[in-house]
Amino acid sequence: MPPLAGVAQTGALPAGPSLTGPVPKHVAIIMDGNGRWAASRGLPRAAGHKAGAEAVTRCLRAARANGVDYLTLYAFSSENWRREPSEVADLTGLLRFYLRHKVAELHREKVKIRFVGEVGRFGQDLCAEMARAEALTEGNSGLTLLLALSYGGRSDIVHAARALAQAVQCGDLAPDAITEDMLARYLLTAGVPDPDVIVRTSGEHRLSNFLLWQSAYAELVFLETLWPDFDEDCFTRVLNIYGRRERRFGARPA
Ligand code: FPP
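What counts and what doesn't
- Residues numbered from 1 in each chain as written.
- Predicted model: local features only at pLDDT ≥ 70, side-chain atom pairs only at ≥ 80, totals over all residues.
- Heavy atoms only, no water.
- Helix = DSSP H or I, 4+ residues; strand = E, 2+ residues; numbered from the N terminus.
- Rg over C-alpha atoms; globule rule 2.2 N^0.38 Å.
- Contact = heavy atoms within 4.5 Å.
- Areas by Shrake-Rupley, 256 points an atom, 1.4 Å probe, with all protein chains shown as cover.
- Lys, Arg positive; Asp, Glu negative; His and termini not counted.
- Charge placed at Lys NZ, Arg CZ, Asp CG, Glu CD.
- Expected span 1.5 Å × (residues − 1).
- Buried < 20%, exposed > 50% of the residue type's maximum accessible area, 1.4 Å probe, protein only.
- Pairing = 2+ DSSP bridges.
- Right-handed = clockwise from strand over helix to strand, strands pointing away.
- UniProt positions renumbered as here; feature names shortened; annotations may be inferred.
- 1 Å grid on protein atoms, 1.4 Å probe; cavity = no way out; pocket = protein on both sides within 12 Å on 5 of 7 lines; lining within 4 Å.
- Polar contact = N/O pair within 3.5 Å; in protein donor to acceptor, adjacent residues only side chain to side chain.
- pLDDT = per-residue confidence, 0-100.
- Points joined across faces, edges and corners; volume = space filled by probe spheres on them.
- Nonpolar A, V, L, I, M, F, W, Y, C, P; charged D, E, K, R; others polar.

What follows deals with the overall build of the chain. Each helix and strand counted, the chain has eight helices and six strands in total. Walking the chain from its N terminus toward its C terminus, one meets helices and strands in the order β-α-α-β-α-α-β-α-β-α-α-β-β-α. For the chain, the C-alpha radius of gyration of 19 Å lies close to 18 Å, the compact-globule estimate for 254 residues. By principal-axis analysis of the C-alpha atoms, the chain measures approximately 60 × 55 × 35 Å. Excluding contacts between residues fewer than 6 apart, the proportion of contacts in the chain whose partners are at least 24 apart in sequence is 78%. Counting only carbon and sulfur atoms, one obtains 52% of the accessible surface of the chain, whose full area is about 13100 Å². If you average the places of the 30 positive and of the 29 negative side-chain charges in the chain, the two averages end up 2 Å apart.

A separate point is helix α2 (residues 45-65). Its 21 residues place the ends of α2 30 Å apart at the C-alpha level, agreeing with the 30 Å of an ideal helix rising 1.5 Å per residue. Among the residues of α2, those classed as buried are Gly48, His49, Ala51, Gly52, Ala53, Ala55, Cys59, Leu60, Ala62 and Ala63. Just beyond α2, the residue with positive phi is Gly67, at close to 80°.

Moving on, we come to the pairing of strand β4 (residues 144-151). Buried residues dominate β4, accounting for eight of its eight residues. Pairing between strand β2 (residues 70-77) and β4: seven bridges, direction parallel. Considered in β4, the bridge of Tyr74 is made with Ala148. Note that strand β3 (residues 112-116) and β4 share five bridges and pair parallel. For Lys112, the partnering residue across the bridge sits in β4 and is Thr144. A crossover links β3 with its parallel partner β4, the connecting element being helix α5 (residues 124-137), and its sense is left-handed.

Taking the UniProt record as the reference, the feature "active site" (unreviewed entry) is found at Asp32 and Asn80. These annotated residues cover 49 residues of sequence, and their C-alpha atoms lie no more than 12.2 Å from one another, placing them together at a single site. Of the residues named above, Asp32 and Asn80 line the largest pocket. Relative to the helices and strands, Asp32 is located in the loop between β1 (26-30) and α1 (34-39). Contacts of Asp32, omitting those with residues within four sequence positions, involve Arg200, Thr201, Ser202, Glu204, Thr225, Leu226 and Trp227. Positionally, Asn80 belongs in the loop between β2 and α3 (85-101). Here Ser77 takes part through its backbone nitrogen, which lies 2.8 Å from a polar atom of the side chain of Asn80.

At Ser202, a residue that is not glycine, the phi angle is positive and equals roughly 80°. As for its placement among the helices and strands, Ser202 is situated in the loop between β5 (197-200) and β6 (219-222). Its identity is not glycine, yet Leu211 carries a phi of approximately 45°, on the positive side. With respect to the helices, strands and loops of the structure, Leu211 is situated in the loop between β5 and β6. Classification of Leu211 by relative accessible area gives buried; the value is 2%.

Side chains three or four residues apart in an α-helix point the same way, a direct result of the helix having 3.6 residues per turn. With 17 residues, α3 extends 24 Å from end C-alpha to end C-alpha; this agrees with the ideal 24 Å at 1.5 Å per step. The inward-facing, buried residues of α3 abut α2, β2, α4 (103-108), β3, α5 and β4.

Turning next to the confidence of the model for the chain. Across the chain, the average pLDDT comes to 92, with 91% of residues at or above 70. pLDDT under 50 marks residues 1-16. Its contacts with residues more than four places away, or in other chains, come to 29 contacts.

This part is about the layout of surface pockets. Taken as a whole, the largest pocket spans an internal volume of roughly 1000 Å³. Of all the elements in the fold, those that place two or more residues in the lining of the largest pocket are α1, α2, β2, α3, α4, β3 and β4. With nine residues, the single largest contributor to the lining of the largest pocket is α2. Partitioned by chemical class, the residues of the lining of the largest pocket number 23 nonpolar, 10 polar and 13 charged. One number sums up the size of the second largest pocket: a volume of about 220 Å³. For the second largest pocket, the lining is made up of 13 residues, of which Glu180, Asp181, Ala184, Asp194 and Trp213 are closest to its centre. When the residues that make up the lining of the second largest pocket are grouped by side-chain class, the tally is seven nonpolar, three polar and three charged.

Below, the structure is given as structure tokens:
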């Protein structure tokens, strides 16, 4: 079957270090395929997640090297709580490990860390570690890393709608005065430009409740690569695909 129009397949894409177009300011990634990567090696799912976390480090390095300003990673969706408790514990354990052992390094690299999602669900200890990481790196001038944890795009929009409804109820806001920009200021990503490109690995072609509002004009790139295999070349490939896309934001072609 020929590749779907507009769906980038890894094999047919330009790779290599040379970039062919503008660098996106904000790259967002649905990191998918950890389980299949592990299964294909006869390993437990936890091994896939561990390898996935190592891919995060490579991805971050590539994003910084290429001058990307914002990198958002979908590390745990609000639906992922439905997974086996042991898998949730493995993922939570990885998060704890990275918070304890990697934040200092990220701080030295001037990375600013921000968590988006219902992070309270991870419990007080982890929440406190996340708050510490955000506070420590708040003043950094390098890449902003947004980790989406217990994140759901619909829930993000509902919370923003509730905040606006409350302002209307208090008489501080007229319904007609509500604008798109105003709603965006109540989203968890407030202050962050919308993603220019959203990448999903592992051959799946869905957004899965990721950045639903913010993805309105994002370029979508789907790679066959399983997330634990994602490396600097994959990142360059994404940038090259993005660089060749024509973004019109609804306007007529020139
Ligand atoms: C999807 O693969 C991946 C996840 C649900 C978790 C993503 C988490 C990581 C990459 C680790 C990140 C760690 C930190 C500390 C940020 P899947 O398990 O759904 O894979 P499958 O579809 O092949 O089963």
